[in-house]
Amino acid sequence: MVEKLYVTYNQVHKLCQKSAERILNDFKPNLMIAIGGGGYVPARILRSFLKRPGSANIPIQAIGLSLYESLTTDSAVEEPGTKVTRTQWLDLSSLEMANLIGKNVLIVDEVDDTRTTLEYAVKELQKDVETATKKLGRDAEKTRFSIFVLHNKDKHKKGNLPQDMLDENRYLAALTVPDVWICYPWEATDIDEHDRLAESQSVQ
Ligand SMILES: O=P(O)(O)OC[C@H]1O[C@H](OP(=O)(O)OP(=O)(O)O)[C@H](O)[C@@H]1O
Ligand SMILES: Nc1nc2[nH]cnc2c(=O)[nH]1
C-alpha cells in the first residue's frame, strides 16, 4: 500500500507563516507566480503574511501546469505523466510580461516531487522574461526568480533548478518529507474525514 500523509488547512497556514520571514528578508518578492492548482492556496495565505504596514499587497499571477493525472477515476494517488502541459500561461504580448522585468519573482507551488514541474516553470519563465527584456531594451534590469513550496520530497529529482538559484539559496521548502503521497485538504471530498486521518497520524 502507498503511504499517505494527510495535511490540514491549519498546517498549511502555519507552514506559510513560518516561511514568511525568510521570504521577506531573503527573497524580497515584488510579485508571486502561483503554479495552479496546488500553488493557489499557499500563495494566497502567504500574501497575508508578506503584507507590511504601509505597503501594498504583493500581487499574485497564475500559471497552470499539469503533470499528474489519476490513472483510474477513483484513485486517490496520481501518477506522473511524461510531459508538463500548460493549461494557463502569462500573456506574452501584454504588460504582464513587462511587469516581471527587473523584479524579484517568487514562484509558489505546494509540492516539489520529481521537480519536473518546477524545472519547467523556471526555465520557461526565464526564457520568456529574457525575450521581453531584449525586445523592450531593458537589459540593465535583472529579474530574480525564487521558489517557495510547502513540501519537498527527499528523493532523487528528475528536474533541475538553475545553479545560481541553488548557490544563492533562492529555494525554500517549509518542510522536507519522505517520499510519500501527500493529501492536501483542498483535494478532499470529505474534509472531516481528511482531518480525522491527519489527526490520527499526528498521534501515532
Ligand atoms: O515535482 P513534480 O513531480 O513535477 O510534481 C509537482 C507538481 O505536481 C502537482 O501538480 P499536478 O500536475 O498534479 O497539477 P495540479 O496542481 O493541478 O493538481 C503539484 O501541484 C506540482 O505542481
Ligand atoms: N496531492 C499531491 N500532488 C502531488 N503531485 C506530485 N506529488 C504529489 C503529492 O504527493 N501529492
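Along each chain, residues carry numbers from 1 onward, in the same order as the chain's sequence is written. Numbering of ligands from 1 and lettering of chains from A proceed in the order in which they are written. With pLDDT at 70 or above as the cut-off, local features in this predicted model cover only qualifying residues; side-chain atom pairs require 80 or more to be listed or tallied, and sums for whole chains, interfaces and linings still use all residues. For side-chain calculations, the full set of non-hydrogen atoms in the structure is used, while hydrogens and water are omitted.

- The protein is annotated in an unreviewed UniProt entry as Hypoxanthine-guanine phosphoribosyltransferase from Cryomyces antarcticus.

**Some details on the packing of helix 1 (residues 9–27) against helix 2 (residues 40–50)**
Part 1 of the reasoning: Put simply, helix 1 and helix 2 touch, their axes get as near as 9 Å, and they point 50 degrees apart. Relative to helix 2, helix 1 is oriented oblique. As helix 1 runs across helix 2, the sense of the crossing is right-handed. Here helix 1 contributes Val12, His13, Cys16, Gln17, Ala20, Ile23 and Leu24 to the contact with helix 2, which in turn contributes Pro42, Ile45, Leu46, Phe49 and Leu50. Orientation is described by lines fitted to C-alpha atoms, with helices fitted over the stretch in contact, and by angles between N-to-C directions that extend from 0 to 180 degrees. Strands here mean DSSP runs of E at least two residues long; helices mean DSSP runs of H or I at least four residues long; both are numbered from the N terminus. If an angle is under 35 degrees, it is roughly parallel; if it is over 145, roughly antiparallel; if it lies from 65 to 115, roughly perpendicular; otherwise it is oblique. By definition, turning the near helix anticlockwise from the far helix through less than a right angle yields a left-handed crossing, and turning it clockwise yields a right-handed one. Contact criterion: two residues are considered in contact whenever any of their non-hydrogen atoms come within 4.5 Å of each other.

**Remarks on the site of ligand 2**
Part 1 of the reasoning: Near ligand 2 the following residues occur: Tyr68, Val111, Asp113, Lys153, Val180, Trp181, Ile182, Tyr184 and Glu187.
Part 2 of the reasoning: Polar contact criterion, stated in full: a pair of N or O atoms within 3.5 Å, where within protein one must be able to donate a hydrogen and the other to accept it, and residues adjacent in sequence count only if both atoms are side-chain atoms. Within the backbone of Ile182, a nitrogen or oxygen atom sits 2.7 Å from a nitrogen atom of ligand 2.
Part 3 of the reasoning: Glu187 is positioned such that a nitrogen or oxygen atom in its side chain is 2.7 Å from a nitrogen atom of ligand 2.
Part 4 of the reasoning: Here the residues of the shell around ligand 2 are counted per class, giving six nonpolar, no polar and three charged. The rule for a residue being near a molecule or strand is that one of its heavy atoms must lie within 4 Å of it. The classification used treats Ala, Val, Leu, Ile, Met, Phe, Trp, Tyr, Cys and Pro as nonpolar, Asp, Glu, Lys and Arg as charged, and all other residues, Gly among them, as polar.

**Side note on the side chain of Thr114**
Part 1 of the reasoning: Here Thr114 lies in the loop between strand 5 (104–112) and helix 4 (116–135).
Part 2 of the reasoning: Residue contacts for Thr114: discarding those within four places in its chain leaves Leu67, Tyr68, Lys155, Lys157, Lys158 and Gly159.

**Thoughts on unusual backbone geometry**
Part 1 of the reasoning: With omega at -10 degrees, the peptide bond leading from Gly36 into Gly37 counts as cis.
Part 2 of the reasoning: Within the secondary structure, Gly37 sits in the loop between strand 2 (31–36) and helix 2.
Part 3 of the reasoning: A positive phi angle, close to 45 degrees, is found at Lys28, a residue other than glycine.
Part 4 of the reasoning: Its location among the elements puts Lys28 in the loop between helix 1 and strand 2.
Part 5 of the reasoning: Within the chain, Asn169 stands out as a residue other than glycine whose phi angle is a positive 55 degrees.
Part 6 of the reasoning: Mapped onto the fold, Asn169 is located in the loop between helix 5 (163–167) and strand 7 (171–177).

**Focus on the UniProt feature "coiled-coil region" (unreviewed entry) in the protein**
Part 1 of the reasoning: UniProt positions are given in the numbering used here, feature names are shortened, and annotations may be inferred rather than shown by experiment. Per the UniProt entry, the sites bearing "coiled-coil region" (unreviewed entry) are residues 115–142 in this numbering.
Part 2 of the reasoning: Across residues 115–142, the secondary structure splits into 71% helix and 0% strand, with the terminal C-alpha atoms separated by 25 Å.

**Looking at the site of ligand 1**
Part 1 of the reasoning: Leu67, Tyr68, Asp109, Thr114 and Thr117 are the nearest of the 17 residues found near ligand 1.
Part 2 of the reasoning: The side chain of Thr114 places a nitrogen or oxygen atom 2.4 Å from an oxygen atom of ligand 1.
Part 3 of the reasoning: A distance of 3.5 Å separates an oxygen atom of ligand 1 from a polar atom in the backbone of Thr116.
Part 4 of the reasoning: Computed with the Shrake-Rupley method and a 1.4 Å probe, the accessible areas treat only the protein chains shown as cover for residues. The fraction of the free accessible surface of ligand 1 (500 Å²) that becomes covered by protein chains is 86%.
Part 5 of the reasoning: When atom positions are compared with the pocket grids, ligand 1 is found to occupy the largest pocket.
Part 6 of the reasoning: Elements that contribute at least two residues to the shell around ligand 1 include exactly strand 3 (60–69), strand 5 and helix 4.
Part 7 of the reasoning: In terms of residue class, the shell around ligand 1 is made up of four nonpolar, seven polar and six charged. Computed over the protein atoms alone on a 1 Å grid, cavities are sets of points where a 1.4 Å probe fits but cannot get out and pockets are open sets with protein on both sides within 12 Å along at least five of seven lines; a residue lines them when it has an atom within 4 Å of a point. For a cavity or pocket, the test is whether more than half of a molecule's atoms lie within 2 Å of its grid points; if they do, the molecule sits there.

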